[in-house]
Amino acid sequence: MTTTSEPRVSGLEIRSIDYVPLNERHGKLWHLGPLWFMSNAQIATLAVGLISITEGGNLIWSLIAIVAGTLLGTFFMAFHSAQGPQLGLPQMIQSRPQFGYVGALLVWLFAYVQYAGFNVFNTILAGEALHTTVHGGTKMWVAVVTVVGFVIALVGYDVIHKAEQFLTYTFLVVFGIFTVGVLATLHYPAGSFDLGGFSWTPFLAQFGVVAGYQISWAIYVSDYSRYLPPDVTVRKTFYWTYFGSALGGVWLMTLGALLAAWAGKDFDTIRSINAAGDKVFSGFGAIVLLFATLGLVSVTALNMYGGSLTLISAIDSFKKVQPTVGVRALTIGLTAALSLVGAMAATADFLTNFNNFLLLVLYLFIPWTAVNLMDYYVVRRGHYAIAEIFNPHGMYGRWGWHGIISYLVGFGVMVPFFSVGTLYVGPIAHAMDGADLSLFVGLPVAGLLYWWLSRSIDVEAEIRVGEAEAEGLEQAAHEHREP
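Since we're looking at a predicted model, the values are computed, not measured.

Trainee: What am I meant to see in the environment of T179 here?
Mentor: Along the chain, the position of T179 falls in helix 9 (residues 157-185). For T179, a relative accessible area of 16% corresponds to the buried category. Between the C-alpha atoms of T179 and T254, which are 75 residues apart in sequence, the distance is 9.6 Å. Each residue touching T179, except ones within four places of it in the same chain, is listed here: W251 and L255. Looking at T179, its side chain comes within polar contact range of the main-chain oxygen of F175, at 2.6 Å. Polar contacts involving the side chain of T179 include one to the side chain of W251, which spans 2.8 Å.

Trainee: How do you make sense of unusual backbone geometry when you look at a structure like this?
Mentor: Leaving glycine out, the prevailing phi sign among residues is negative, and the prevailing peptide bond configuration is trans. In this structure, H135 takes a positive phi of about 65° despite not being glycine. When you line up the elements, H135 lands in the loop between helix 7 (105-134) and helix 8 (138-155). The phi dihedral of R381 falls on the positive side, at around 50°, and the residue is not glycine. One can find R381 in the loop between helix 16 (365-379) and helix 17 (386-389).

Trainee: Is there a simple way to think about helix 12 (residues 269-278) in this case?
Mentor: Turn by turn, an α-helix covers 3.6 residues, leaving residues three or four places apart pointing in a common direction. Taken together, the buried positions of helix 12 are occupied by T269, I270, S272, I273, A276 and G277. In this structure, the buried residues of helix 12 make contact with helix 2 (43-46), helix 7, helix 9, helix 11 (234-263) and helix 13 (284-316).

Trainee: When you look at the pattern of salt bridges in this model, what are you seeing that I'm missing?
Mentor: Opposite charge on two side chains permits them to pair, given that their charged atoms come into close proximity. For the structure shown, the criterion picks out seven salt bridges. In this structure, E13 and R328 form a salt bridge, with 3.9 Å as the shortest nitrogen-oxygen distance. Linking E13 in the segment before helix 1 (32-40) with R328 in helix 14 (residues 325-345), this pair joins segments that are 315 residues apart in sequence. Note on R328: relative accessible area 2%, which makes it buried. Of the charged contacts, one joins D375 and R380 as a salt bridge, the two residues approaching to 2.6 Å between their closest N and O atoms. Using a relative accessible area of 0% as the deciding quantity, one classes D375 as buried.

Trainee: I keep staring at the packing of helix 10 (residues 200-216) against helix 20 (residues 438-453) and nothing clicks. Help me out?
Mentor: To characterise two packed helices, one gives the angle between the axes of the helices and the distance between these axes. Between helix 10 and helix 20, the shortest axis-to-axis distance is 10 Å and the interhelical angle comes to 40°. In this view, helix 10 runs oblique relative to helix 20, as classed from their interaxial angle. Contacts from F207, A211 and I215 of helix 10 reach helix 20 at L439, F440 and L443.

Trainee: Teacher, can you tell me more about the packing of helix 9 against helix 11 here?
Mentor: With their axes 11 Å apart at the nearest point, helix 9 and helix 11 run at an angle of 30° to one another. Considering the angle they form, helix 9 stands roughly parallel to helix 11. In the crossing of helix 9 with helix 11, the sense of the turn from one axis to the other is left-handed. For the pair helix 9 and helix 11, contact is made by F171, L172, F175, G176, F178, T179, V182 and L183 and by W251, L252, L255, L258 and L259, respectively. Of the residues assigned to the contact of helix 9 with helix 11, the class counts are eleven nonpolar, two polar and no charged.

Trainee: Honestly, the packing of aromatic side chains in this entry has me stumped. Any pointers?
Mentor: Any pair of aromatic rings gets described here by the distance separating the centres and the angle formed by the planes. Using the criterion set out here, one finds 39 aromatic pairs in the structure. Pairing W217 with Y220 gives two aromatic rings, centres 4.7 Å apart and planes at 50°, and the pair type is tilted. The pair W217 / Y220 is uniform in exposure class, with both members buried. Grouped by ring-pair contacts, the aromatic residues F75, F76, F79, F238, Y239, Y242, F243, Y376, Y377 and Y384 constitute a single cluster. The aromatic ring of Y101 is capped on one face by R96, whose charged end is 3.9 Å from the ring centroid.

Trainee: How do you make sense of the confidence of the model for the protein when you look at a structure like this?
Mentor: Should pLDDT be low for a region, the predicted coordinates there are not to be read in detail. For the protein, mean pLDDT is 89; residues scoring 70 or higher make up 96% of the total. Considering only residues more than four positions removed or in separate chains, one finds that residues 1-9, a stretch of pLDDT under 50, has 18 contacts.

Cut-offs and rules
- Residues numbered from 1 in each chain as written.
- Predicted model: local features only at pLDDT ≥ 70, side-chain atom pairs only at ≥ 80, totals over all residues.
- Heavy atoms only, no water.
- Helix = DSSP H or I, 4+ residues; strand = E, 2+ residues; numbered from the N terminus.
- Buried < 20%, exposed > 50% of the residue type's maximum accessible area, 1.4 Å probe, protein only.
- Contact = heavy atoms within 4.5 Å.
- Polar contact = N/O pair within 3.5 Å; in protein donor to acceptor, adjacent residues only side chain to side chain.
- Salt bridge = Lys/Arg side-chain N within 4 Å of Asp/Glu carboxyl O.
- Axes fitted to C-alpha atoms, helices over the stretch in contact; angles between N-to-C directions.
- Parallel < 35°, antiparallel > 145°, perpendicular 65-115°, else oblique.
- Left-handed = near helix turned anticlockwise from the far one by under 90°.
- Nonpolar A, V, L, I, M, F, W, Y, C, P; charged D, E, K, R; others polar.
- Phe/Tyr/Trp six-rings, centres within 6.5 Å; stacked < 30°, edge-to-face > 60°.
- Lys NZ or Arg CZ within 6 Å of the ring centre and 35° of its normal.
- pLDDT = per-residue confidence, 0-100.

Structure (structure tokens):
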């Protein structure tokens, strides 16, 4: 059917967790490449590459662990990207078929904490970078960055894609020069490139953190592909997402490892970038930091956008939510305010402890991604009755015990393998001198258990329901309401 959809209000995105109708699908597949490249190519990612160096690993094996961890973790993250065009839904609302209408609140809570928590770090780093270069006080700049991020997130999907495209082109120039300078002018400790200096503990710690960090992007992915037309292929959607995210991640984590090896115990993210940049030419460090701030602003906006979608999903579990600009503004504002309060209240000790806590939050999404991908690609093979996702009494139920049990068991078997800095080291990780193998346990256990528990699902019946409700779904979307 052909129905004219309601126009956007003042250029602001109206849709939130609701289905995107076919006549509103737009954009090009290659736009995913710059978006995921730039999402990772910011200096918060740089800090992920320090783990092995700080635990005594040498540089060459740190770099190998970074590349290997990125290649593995991004593999799972990128497969979520194809869900967006096919379903026309943001990422986390897709958890309802696995966890239930109410049961999905479990993973949404963890997701929301991640969005707000990472923004604490992002805005503090941006504030410190701006204070170092143009002065004015870190907290003042934290507030400015938060406000700018709020505006970008409020305008929404299209402006986020355009901003990331622009930043990608300028990043290639600025950080290209910076990277050449780091490789050509910095001196590294003896043995940094000795392949004989291998040690399992720092290698696995670096590998695990990198892979987990890449998997943590899985909760964002469909948010930024859901407006694409459904005829884009899974393979090409995967490729653009995978190579964009992997390249950005490897680049910045490698820089982190190089800077940490060069600076040693004196390493500090902002000061070390500034000092290394000035070795290229005087004042270039400030240019790098100013541009890095733009990257932090963009990822702050991504977190506010995703946090808003997650918060709306949670509210919708108790009271039906109509997609409006007002609802988006309120939930983006609440997410911005939460991260701003956290950033303003942060101390050095708080940041150290909270960093450990965020590492634990990353663990929480390993069994979720296993369950979600197993359901989409193996159990239901991409076929969902989308209208039923918004039905509190629909066929997916209020509590999806297959998903909940698989998630809890998958997480539970990971606990003995955890190695979360000073926060917690599991008995098996302790016996292995802190080596973390939890990723290799949680993913297969959660995924295979979900497959086994879900054998009784009548997928063909669900497909018939979806086909019968398809016309009503499109009509509801045109009228800007949930089906």
